[in-house]
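Structural description and commentary
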Amino acid sequence: MSLIPTLAETVSRARSDLRMGLPIVVGGYLAAAVETLSPERLASLRALGPATLAITDWRAATLKARVYDRDLARIRVPESADHAWLRAVADPAGDLMTPMKGPLQSERGGDAAPHRAAIALVKSAQLLPAALMIPISDPPPGLTALAPDAALAQLATEATMADVAAARLPLSRAENSKLHIFRPDDGAAEHYAVEIGDPPRDQPVLARLHSACYTGDVLGSLKCDCGPQLHAALEAMGQNGSGVLLYLNQEGRGIGLANKMRAYSLQNQGFDTVEANHRLGFEDDERDFRIGAGILRKMGFGAVRLMTNNPRKVAMLEGHGIQVPERVPLITPTNRFNEGYLAVKAEKSGHLL
């Protein structure tokens, strides 16, 4: 077996480097995540040549910057721009206080693939989707290097799940339960499956795909319906005598807890859930629902009675080989803190509430 890192391992290494503030090499550019870039490292990078800031089309729309590359904009970084300027362009926290960031000049023409790959890698690290790009012909040794097309292809590849551990775990709502730990082969976060009873593999199993929500599931936040849905699903499975609940580590619709808190802060300024994600530079939903299908297949399930209010989950599972003969609604009580959130779910995300 070769000791040289595979493409998947190199992408995982790049993700870790970006989170620590290290630049990586992407197709003739040094790329660094703005969120974790220190002023000292920024100065070292700026000394190497002219800089460009890659941001998503959503963030560019907020900043009124021209988008010439479909899903991203390449903003020329002025010579006078400092660390605070970069953070202000990348992070919408201060947009309402200082709405005018420009004039911002967007680059046009040339190959945007390195910039697109850099943004995708920064997103996969659950950082603000903004990357500082410096063209370089002779990068410093020791930096993680990736070809843009290869990086994008790897990030689009469905991870293979390994069932690394499982043990009986009696729950208050279902004493006959087992917790499985699944580890993806791409170095990303582990995911969990709660198997209740001994559901037969040749019949549709009562199932739920539940995205991790630290604020709702653990702290009991009233801003969302995640905690009540989690407990209601386990209760229903316990009463049914069998079921499987997948607990997927895709906090904040896949943008991570830190960005979710940034979105909450924007919601406090008057933006709804979707608008807040867009101002941050993210899509409405950044989750990879293939993960759930992969875990179900790994556990031997080919059909589910899916507990969800989200038709997209049904379509995703069916599109990846899992039959969904029945959608089981999962409606929980509302409160004055989450009424608006649930209304946006229904209006903009198509949830059946």
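Residues numbered from 1 in each chain as written. Predicted model: local features only at pLDDT ≥ 70, side-chain atom pairs only at ≥ 80, totals over all residues. Heavy atoms only, no water.

For the rest of this paragraph, the subject is the overall build of the chain. A count of helical and extended segments in the chain gives 14 helices and 13 strands. Against the compact-globule benchmark of 20 Å for 353 residues, the chain has a radius of gyration of 22 Å, which places it among compact chains. When its C-alpha atoms are laid out on the principal axes, the chain stretches across 65 × 55 × 30 Å. Out of the 353 residues in the chain, the part that is buried amounts to 52%. Residue pairs at least 24 apart in sequence account for 67% of intrachain contacts in the chain once pairs closer than 6 positions are excluded. (Helix = DSSP H or I, 4+ residues; strand = E, 2+ residues; numbered from the N terminus. Rg over C-alpha atoms; globule rule 2.2 N^0.38 Å. Buried < 20%, exposed > 50% of the residue type's maximum accessible area, 1.4 Å probe, protein only. Contact = heavy atoms within 4.5 Å.)

Time to look at the sheet that holds strand E10 (residues 205-211). Hydrogen bonding along the main chain pairs the strands of a sheet, whether they run parallel or antiparallel. Read across the open sheet, the seven strands follow the order E7-E8-E9-E11-E10-E12-E13; overall the sheet is mixed. Single-partner strands in this sheet number two, and they are strand E7 (161-168) and strand E13 (323-328). Direction aside, neighbouring strands of the sheet carry axes that sit 25° apart on average. Bridge count between strand E9 (residues 191-196) and strand E11 (residues 243-248): five bridges; the pairing is antiparallel. Bridge pairing in E11 links tyrosine 192 to tyrosine 247. On the sheet, helix H8 (residues 226-240) packs against E9, E10, E11 and strand E12 (303-307) and is oriented at approximately 160° with respect to E10. (Pairing = 2+ DSSP bridges. Axes fitted to C-alpha atoms, helices over the stretch in contact; angles between N-to-C directions.)

Right, let's talk about unusual backbone geometry for a bit. In this structure, lysine 64 is a non-glycine residue whose phi angle is positive, near 60°. Here lysine 64 shows up in the loop between helix H3 (57-63) and strand E4 (72-76). A positive phi angle, near 60°, is found at glutamine 126, a position not held by glycine. Considering the arrangement of structural elements, one finds glutamine 126 in the loop between helix H5 (113-124) and strand E5 (130-135).

Attention now moves to the layout of surface pockets. Empty space within the largest pocket amounts to approximately 1200 Å³. Elements that contribute at least two residues to the lining of the largest pocket include exactly helix H1 (7-20), H3, H5, helix H6 (148-155), helix H9 (251-254) and helix H12 (290-298). When residues of the lining of the largest pocket are assigned to their parent elements, the largest contribution, six residues, is made by H1. Its residues placed into classes, the lining of the largest pocket shows 19 nonpolar, 14 polar and 16 charged. Each of domain 1 (7-156) and domain 2 (161-250 + 287-349) gives at least three residues to the lining of the largest pocket. (1 Å grid on protein atoms, 1.4 Å probe; cavity = no way out; pocket = protein on both sides within 12 Å on 5 of 7 lines; lining within 4 Å. Points joined across faces, edges and corners; volume = space filled by probe spheres on them. Nonpolar A, V, L, I, M, F, W, Y, C, P; charged D, E, K, R; others polar. Domains from an automatic or database assignment.)

Once that is clear, we can look at the packing of aromatic side chains. Summed over the entire model, instances satisfying the criterion amount to one aromatic pair. Against the face of tyrosine 264 rests lysine 223, its NZ or CZ located 4.6 Å from the ring centre. (Phe/Tyr/Trp six-rings, centres within 6.5 Å; stacked < 30°, edge-to-face > 60°. Lys NZ or Arg CZ within 6 Å of the ring centre and 35° of its normal.)

Applying the stated rule across the entire model yields 17 salt bridges. Close ionic contact of aspartate 95 with arginine 59 constitutes a salt bridge, the shortest N to O distance being 2.8 Å. Pair noted here: aspartate 95 is in the loop between helix H4 (83-90) and H5 and arginine 59 is in helix H3, with a separation of 36 residues, a long-range link. A residue is classified by how much of its surface remains accessible, and aspartate 95, at 3% relative accessible area, is buried. Among the residues examined, arginine 59 registers a relative accessible area of 1% and is labelled buried. Taken together, the salt bridges that share partners define one network made up of Glu35, Arg87, Asp91 and Arg262. (Salt bridge = Lys/Arg side-chain N within 4 Å of Asp/Glu carboxyl O.)

Residues Tyr214, Val218, Leu219, Leu257 and Met261 make up a contiguous nonpolar surface patch of about 460 Å² in total accessible area. When contributions to the nonpolar patch are tallied by element, the ones reaching two or more residues are helix H7 (214-218) and helix H10 (257-268). (Patch = residues over 30% accessible without salt bridge, like charges linked within 9 Å, V, L, I, M, F, W, Y side chains within 5 Å. Areas by Shrake-Rupley, 256 points an atom, 1.4 Å probe, with all protein chains shown as cover.)

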